[in-house]
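Letter by letter, the chains look like this.
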Amino acid sequence: MVAPGVNFGSSRSGTLSRSSCDLAQELRELARERNAVILAHNYQVPELQEAADFVGDSLGLSYQAAKTDADVILFCGVHFMAETAKIINPTKRVILPDLEAGCSLSESCPPEKLAEFLKKNVDKNYYVIAYINCSAGVKAQSDIICTSGNADKIVREAPEDRQILFVPDQNLGAWVMERTGRKMDLWQGTCYVHVEFTARSINRIREEYPSAPVVAHPECTYAVRMLADEVCSTEKMIAFCKNSAAREIIIVTEAGMLHRLKKEIPDKTFIPGPTDNCFCGECRFMKMNTLEKAYGALLNMEPEITLPESIRQRAELPILRMLELSR
Ligand code: 13P
Ligand code: SF4
């Protein structure tokens, strides 16, 4: 619900007091006026998913950003996602509701640390594969980008005579090594949300729902992935759950995923994967975006994603390689 008297700054509406339903409607109208497309990640709050033109995983959102003819992209996701949209759309304005919406994986690999590592290991002539959850500065030093939806394909296509450095997620990297048999050196980053799920917490929920398959994101640890019936990206979770004969399914990923699953597959029950402590299963970065902030951002056309052209150009090529390869 929208708090009464929310102030959207220099808005033409001034101080607003309305239901989230009205505000979603106004956001849609504003998007039409601005010729803006609204993209939302599967982990966004339900109101933003409902207001969006497209809801999906990082790969799907990248394709949507690449093909849009809108003048403005309102990106309801985290910073690296909006930045990716800007990298491939330099002439469009890309707006992110909250500029502080970061990602622990992206934070784990600062561009200067990667540059230092590559310099120190120049003899290894690394082929750098960067998971899309990283900054433009890291993308600019990479040979190709991947997402959880195409990581195994990207790794299988990597030149056989090159040693691979996979950044920044060690868990996704390890999962891809298991699937492809390709040895890689892994940056030691983790997603602070997905590492909260443990073998103990998954075993506990399995005892409660013995016939429910477990679907887990590849950012989960090895111990959790070993207990899962399916490990896949958030978009592939939708397809898996639609096709599964099971009536109850345990979903081991960020809690926002449950909204789309319940909406698109209303006849099945989705059980959120528990953690060992009282962690809520929500990504604090993803949840920084709200309907109110999205409306205010599109109205005022800020915060806007900007980046130095030299970095943008270097970061674009590995993204375009990925889009071309995983088509
Ligand atoms: P997906 O690309 O699978 O949606 O994952 C993005 C992400 O940030 C997972 O934590
Ligand atoms: Fe980053 Fe994890 Fe949040 Fe995804 S869930 S945006 S990987 S911190």
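Residues numbered from 1 in each chain as written. Chains lettered and ligands numbered in written order. Predicted model: local features only at pLDDT ≥ 70, side-chain atom pairs only at ≥ 80, totals over all residues. Heavy atoms only, no water.

Trainee: I would appreciate a short explanation of the overall build of the protein in the present structure.
Mentor: Looking only at helices and strands, the protein has 15 helices and 14 strands in total. In summary, the protein has a C-alpha radius of gyration of 20 Å against a globular reference of 20 Å for 327 residues, a match within 12%. Buried residues in the protein amount to 57% of all 327 residues. Considering only contacts within the protein whose residues lie at least 6 apart along the sequence, 64% involve residues at least 24 apart. A total of about 13900 Å² of accessible surface is found on the protein, and carbon and sulfur atoms cover 50% of it. The protein carries 38 positive and 44 negative side-chain charges, and their two centres are separated by 3 Å. (Helix = DSSP H or I, 4+ residues; strand = E, 2+ residues; numbered from the N terminus. Rg over C-alpha atoms; globule rule 2.2 N^0.38 Å. Buried < 20%, exposed > 50% of the residue type's maximum accessible area, 1.4 Å probe, protein only. Contact = heavy atoms within 4.5 Å. Areas by Shrake-Rupley, 256 points an atom, 1.4 Å probe, with all protein chains shown as cover. Lys, Arg positive; Asp, Glu negative; His and termini not counted. Charge placed at Lys NZ, Arg CZ, Asp CG, Glu CD.)

Trainee: Any chance you could explain the site of ligand 2 here in plain terms?
Mentor: Surveying the vicinity of ligand 2 reveals the residues Tyr43, Val78, Cys103, Ser104, Leu105, Asn133, Cys191, Tyr192, Val193, Glu219, Cys283 and Met286. According to the grid-proximity analysis, the pocket containing ligand 2 is the largest cavity. Tallied by class, the residues present in the shell around ligand 2 amount to nine nonpolar, two polar and one charged. (Near = heavy atom within 4 Å. 1 Å grid on protein atoms, 1.4 Å probe; cavity = no way out; pocket = protein on both sides within 12 Å on 5 of 7 lines; lining within 4 Å. Sits in = over half its atoms within 2 Å of the grid points. Nonpolar A, V, L, I, M, F, W, Y, C, P; charged D, E, K, R; others polar.)

Trainee: I'm lost on the site of ligand 1 in this one. Help?
Mentor: The local shell around ligand 1 consists of His41, Tyr43, Asp57, Ser58, Tyr131, Asn133, Ser148, His194, His217, Glu219, Ser233 and Thr234. Within the side chain of serine 148, a nitrogen or oxygen atom sits 2.7 Å from an oxygen atom of ligand 1. Against a free-state accessible area of 300 Å², the protein chains account for coverage of 96% of ligand 1. Under a 2 Å grid-point criterion requiring more than half of the atoms, the pocket assigned to ligand 1 is the largest cavity. (Polar contact = N/O pair within 3.5 Å; in protein donor to acceptor, adjacent residues only side chain to side chain.)

Trainee: In this structure, what is going on with the pattern of salt bridges? I would like to understand it.
Mentor: Where charged atoms from two side chains of opposite charge approach closely, those side chains can pair. Using the criterion set out here, one finds 19 salt bridges in the structure. With a closest N to O distance of 3.9 Å, lysine 183 and aspartate 185 form a salt bridge. The exposure class of lysine 183 is exposed, given its relative accessible area of 62%. Glutamate 254 is the partner of lysine 287 in a salt bridge, and the nearest nitrogen-oxygen pair spans 2.9 Å. Placement of the pair is lysine 287 in the loop between β14 (269–272) and α14 (291–300) and glutamate 254 in the loop between β13 (248–252) and α13 (257–264), with a sequence separation of 33 residues. Overall, the relative accessible area of 19% leaves lysine 287 in the buried class. With a relative accessible area of 0%, glutamate 254 lands in the buried category. Within this structure, Glu235, Lys242, Arg260 and Glu264 form a network of salt bridges that share partners. (Salt bridge = Lys/Arg side-chain N within 4 Å of Asp/Glu carboxyl O.)

Trainee: Please explain empty space enclosed by the protein as it appears in this structure.
Mentor: Unfilled space is identified by rolling a water-sized probe across the atoms. As enumerated under the stated definition, the model contains two cavities of 30 Å³ or more in all. Considering the residues around the largest cavity, the lining is formed by 28 residues, among which Tyr43, Met81, Asn133, Glu219 and Met286 are closest to the centre. Elements with a minimum of two residues in the lining of the largest cavity: α3 (58–67), α4 (79–87) and α5 (104–107). Of the voids in this model, the second largest cavity is the one considered here, and its volume is about 60 Å³. Around the second largest cavity, the lining residues are Ser58, Leu61, Ser62, Ala65, Phe75, Phe80, Met81, Thr84, Ala85 and Ile132. Considered class by class, the residues forming the lining of the second largest cavity number seven nonpolar, three polar and no charged. (Points joined across faces, edges and corners; volume = space filled by probe spheres on them.)

Trainee: I would appreciate a short explanation of the nonpolar core in the present structure.
Mentor: For soluble globular proteins, nonpolar side chains are generally found buried alongside one another. By size, the foremost hydrophobic cluster in this structure holds 88 residues, and its most contacted members are Phe75, Ile129, Val167, Ile251 and Val252. Filtering out sequence-adjacent residues up to four positions away, valine 252 remains in contact with His194, Phe197, Ile202, Val214, Val215, Ala216, His217, Cys220, Val224, Met237 and Gly273. (Core = buried A, V, L, I, M, F, W, Y, C linked by side-chain atoms within 4.5 Å.)

Trainee: Is there a simple way to explain the confidence of the model for the protein in this structure?
Mentor: A residue-level look at the protein finds 94% of positions with pLDDT of 70 or above and a mean pLDDT of 93. In this model residues 1–17 is a low-confidence stretch, pLDDT under 50, and it forms 38 contacts with partners more than four residues away in sequence or in other chains. (pLDDT = per-residue confidence, 0-100.)

Trainee: In this structure, what is going on with the pairing of strand β7 (residues 127–131)? I would like to understand it.
Mentor: Of all five residues in β7, five are buried; the element is thus mostly enclosed. Residue alternation in β7 divides its side chains into two sets, Tyr127, Ile129 and Tyr131 and Val128 and Ala130, and both sets are buried. In this sheet, strand β9 (residues 164–167) lies alongside β7 in parallel orientation, the contact comprising four bridges. Each bridged residue has a counterpart across the sheet, and for tyrosine 127 the counterpart in β9 is isoleucine 164. Note: β7 against strand β8 (residues 144–146), three bridges, orientation parallel. Bridge assignment links tyrosine 131 to a residue of β8, and that residue is cysteine 146. (Pairing = 2+ DSSP bridges.)

Trainee: Can you help me understand the pairing of β9 in this one?
Mentor: A regular strand carries its side chains on alternate faces of the sheet. Alternating residues of β9 divide into Ile164 and Phe166 and Leu165 and Val167, and every residue in both groups is buried. Inspection of the sheet shows β9 paired to strand β10 (residues 184–186) by three bridges, in the parallel sense. When the sheet's bridge partners are listed, leucine 165 is paired in β10 with aspartate 185.

Trainee: Hey, could you run me through the sheet that holds β8 in this one?
Mentor: Within a sheet, adjacent strands bond to each other through the backbone by hydrogen bonds, running parallel or antiparallel. Strand order across the open sheet formed by four strands is β8-β7-β9-β10, with parallel pairing between neighbours. Bordering the open sheet on either side are β8 and β10, each of which pairs with just one other strand. Shown here is a sheet whose adjacent strand axes are inclined to one another by a mean of 30 degrees, direction ignored. Lying on the sheet, helix α9 (residues 170–180) is in contact with β7, β9 and β10; it crosses β10 at an angle near 165 degrees. (Axes fitted to C-alpha atoms, helices over the stretch in contact; angles between N-to-C directions.)

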